[in-house]
Amino acid sequence: MAAYQLGFIGVGNMGAALARAACKTVDPARVAVANRTPEKAATLAAALGCAAVDNAAAAKDSEFLFLGVKPQMMEQMLSGIRPVLTARQDRFVLVSMAAGLPIARIRALAGPYPVIRIMPNTPVSVGAGMTLYTCSDDVTVQERETFLAAMAAAGAFDELPEALIDAGCAVSGCGPAFACLFLEALADGGVACGLPRKKALAYAAQTLRGTAELLLQTDGHPGVLKDAVCSPAGSTIAGVHALEAHAFRAAAFEAVEAAYRRTKELGA
C-alpha cells in the first residue's frame, strides 16, 4: 500500500487549498506535499500536520498524485518524475488540475496511468468550491468514489465529459474573478453613495452569497429572481436599466468566451 493516500506536487494557492481540504477528511499523516520551493511545502505541512517531501517521494508513495503545476510547467515536472512512476509496481491515479491540458496529453507526458482531470476554483479554500472533473476510462468506480470522499471538504464536485471541461472552467474556474469585479463595483457604488467601505463590501458580499444560495435552493431561473426584485418604476429596475445601457450582460458573456478561448490556447 502507498505510504500516502494523497500526494500534492505544487502547493500554490490552488494546490494548498486542496491539501487543506483533504486534511479535513483524510488523516494528515496520509497526506504529503511537495513544492519547487521546499520551504513553502514545509510551512504548509507544519500547519496541516502532514508530510513535506520532494517530488520524487510524492510520486513514489502516493495513491492519488495531484499535479498542481501550471500547464506550461507540466512537461518539465513530469519528465523529472516519470522514471519514478515507471518503477512503481502498485496502482495509482494521477490528478491533473492544469487548465487546457487534456487527459491524453497528461498520459503522453507521464505514462499510461489512470487520470482524473479536475478544474477547481478558489472557493475550495473555504469549503465552498465548485470542482469539475472527468476520469480516464481506466479509473475504477471505487477509485472515483474514494477520491470524491477524500476531497468532500473542498465543496461541490460535478462530473463532465472532457469535451466540456474547458467550457465549464471558463464559468466556474474564472468566474470568481468576474464575481469579485462585480462585488467590488457594487461596493464602490455604495461608497459613492455614502456608505463606509467596510459595510459596503460586507453588504455586497452577503448579497451575492445569499442570491446564489436562493437560486440553488429554489432551482429558480435568475431572470425570475431578478423580476421579483424589480417593482414597477422602482429603484431596482432603474439600476437594471443602467447596467443594460452599458451592455453588462454582453460583457459577462464575452468574458466567459474570452476565458474559454485562452484555456484552449493553453492546451494547444
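This report concerns the structure included in the present document.

1. Overview of the state of the cysteines
Okay, so step 1: The full count for this structure, using the stated rule, is zero disulfides.
Okay, so step 2: With no disulfide of its own, cysteine 135 lies 17 Å from the sulfur of cysteine 169, the closest cysteine sulfur.
Okay, so step 3: Cysteine 135 sits in the buried class, given a relative accessible area of 18%.
Okay, so step 4: For the unlinked cysteine cysteine 230, the closest cysteine sulfur is that of cysteine 193, found at 17 Å.

2. Some details on the nonpolar core
Okay, so step 1: With 34 residues, the main nonpolar core has Leu6, Phe8, Val33, Phe66, Ile116, Ile118 and Phe147 as its most contacted residues.
Okay, so step 2: Looking at this core element by element, the count peaks at seven residues for helix α1 (residues 13-25).
Okay, so step 3: In this structure, phenylalanine 147 is in contact with Phe64, Phe66, Val95, Ile116, Ile118 and Phe157, ignoring residues within four places of it in sequence.
Okay, so step 4: Counting 26 residues, the second-largest nonpolar core is a separate cluster that includes Leu65, Leu78, Leu85 and Leu94.

3. Let's talk about the pairing of strand β5 (residues 93-96)
Okay, so step 1: Burial along β5 is two-sided: the face carrying Val93 and Val95 and the face carrying Leu94 and Ser96 are both buried.
Okay, so step 2: Pairing between strand β4 (residues 62-67) and β5: four bridges, direction parallel. Among the inter-strand pairings, phenylalanine 66 is bridged to a residue of β5, identified as valine 95.
Okay, so step 3: In this view, the connection linking β4 to its parallel neighbour β5 by way of helix α4 (residues 71-87) has right-handed handedness.
Okay, so step 4: Across three bridges, β5 lies against strand β6 (residues 115-119) in parallel orientation. Considered in β6, the bridge of leucine 94 is made with valine 115.
Okay, so step 5: Following the backbone out of β5, through helix α5 (residues 103-110) and into the adjacent parallel β6, one traces a crossover that is right-handed.

The rules behind each value
Residues numbered from 1 in each chain as written. Predicted model: local features only at pLDDT ≥ 70, side-chain atom pairs only at ≥ 80, totals over all residues. Heavy atoms only, no water. Disulfide = S-S within 2.5 Å. Buried < 20%, exposed > 50% of the residue type's maximum accessible area, 1.4 Å probe, protein only. Core = buried A, V, L, I, M, F, W, Y, C linked by side-chain atoms within 4.5 Å. Helix = DSSP H or I, 4+ residues; strand = E, 2+ residues; numbered from the N terminus. Contact = heavy atoms within 4.5 Å. Pairing = 2+ DSSP bridges. Right-handed = clockwise from strand over helix to strand, strands pointing away.

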